[in-house]
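Descriptive structure summary
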Amino acid sequence: QVQLVESGGGLVQAGGSLRLSCAAATSGRTFSTYAMGWFRQAPGKEREFVAAITFNGNRTLYTDSVKGRFTISRDNAKNTLFLQMNSLKPEDTAVYSCAAHRNPITTPIMGYDYWGQGTQVTVSS
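**A few points about the packing of aromatic side chains**
By the definition in use, this model includes 5 aromatic pairs. In this structure an aromatic cluster arises from ring pairing among F39, F49, Y112 and W115. It is R19 that lies over the ring of F82; its NZ or CZ is 3.9 Å from the centre. The ring centre of F31 lies 4.5 Å from the NZ or CZ of R74, which sits over that ring.

**Overview of the nonpolar core**
M36, W38, L81, L83, M85 and Y96 are the most contacted members of the largest nonpolar core, which totals 29 residues. Listing elements by their share of this core, those giving two or more residues are β1 (2-7), β3 (18-26), β4 (35-41), β5 (48-53), β7 (70-75), β8 (80-85), β9 (94-101) and β11 (119-124). Beyond its immediate stretch of four places on either side in the chain, L83 contacts L18, R19, L20, W38, V50, A51, F70, T71, I72 and Y96. Of all hydrophobic cores here, the second largest spans 5 residues; its members include F39, F49, A99 and Y112.

**Regarding the sheet that holds β7**
What the 4 strands build is an open sheet, ordered β1-β3-β8-β7; its pairing is antiparallel. Two strands close off the open sheet at either side, each with one partner strand: β1 and β7. Mean inter-strand twist for the sheet, computed between neighbouring axes without regard to direction, equals 15°. Bridging between β1 and β3 involves 6 bridges; their strand directions are antiparallel.

About the cut-offs
- Residues numbered from 1 in each chain as written.
- Predicted model: local features only at pLDDT ≥ 70, side-chain atom pairs only at ≥ 80, totals over all residues.
- Heavy atoms only, no water.
- Phe/Tyr/Trp six-rings, centres within 6.5 Å; stacked < 30°, edge-to-face > 60°.
- Lys NZ or Arg CZ within 6 Å of the ring centre and 35° of its normal.
- Core = buried A, V, L, I, M, F, W, Y, C linked by side-chain atoms within 4.5 Å.
- Buried < 20%, exposed > 50% of the residue type's maximum accessible area, 1.4 Å probe, protein only.
- Helix = DSSP H or I, 4+ residues; strand = E, 2+ residues; numbered from the N terminus.
- Contact = heavy atoms within 4.5 Å.
- Pairing = 2+ DSSP bridges.
- Axes fitted to C-alpha atoms, helices over the stretch in contact; angles between N-to-C directions.

See below:
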């Protein structure tokens, strides 16, 4: 079991930055044995993949719209996942959720096993 709690969301002007955190509490397997991902869901839209990272952080994957602006990272010693978001745009406005995937060596865009509740990010123009 994995419990995930996101934080760091808020209101920011276009061009600004935010850093999201996702704190994990696990039983059985440790945080470092899961691949992790970030997803977002804007009002009236389906949830979409944003970024993923392997168990050791050696490989990452991003959706095209955030490449060069967002950076996913993790601190396994602190059981925490991060998403650094720079050059934010109004179209980045959404609820951002983190998720854990049981296959640690992949950067999956679907099939995640555990989800957090999400944190709201609002970018004003």
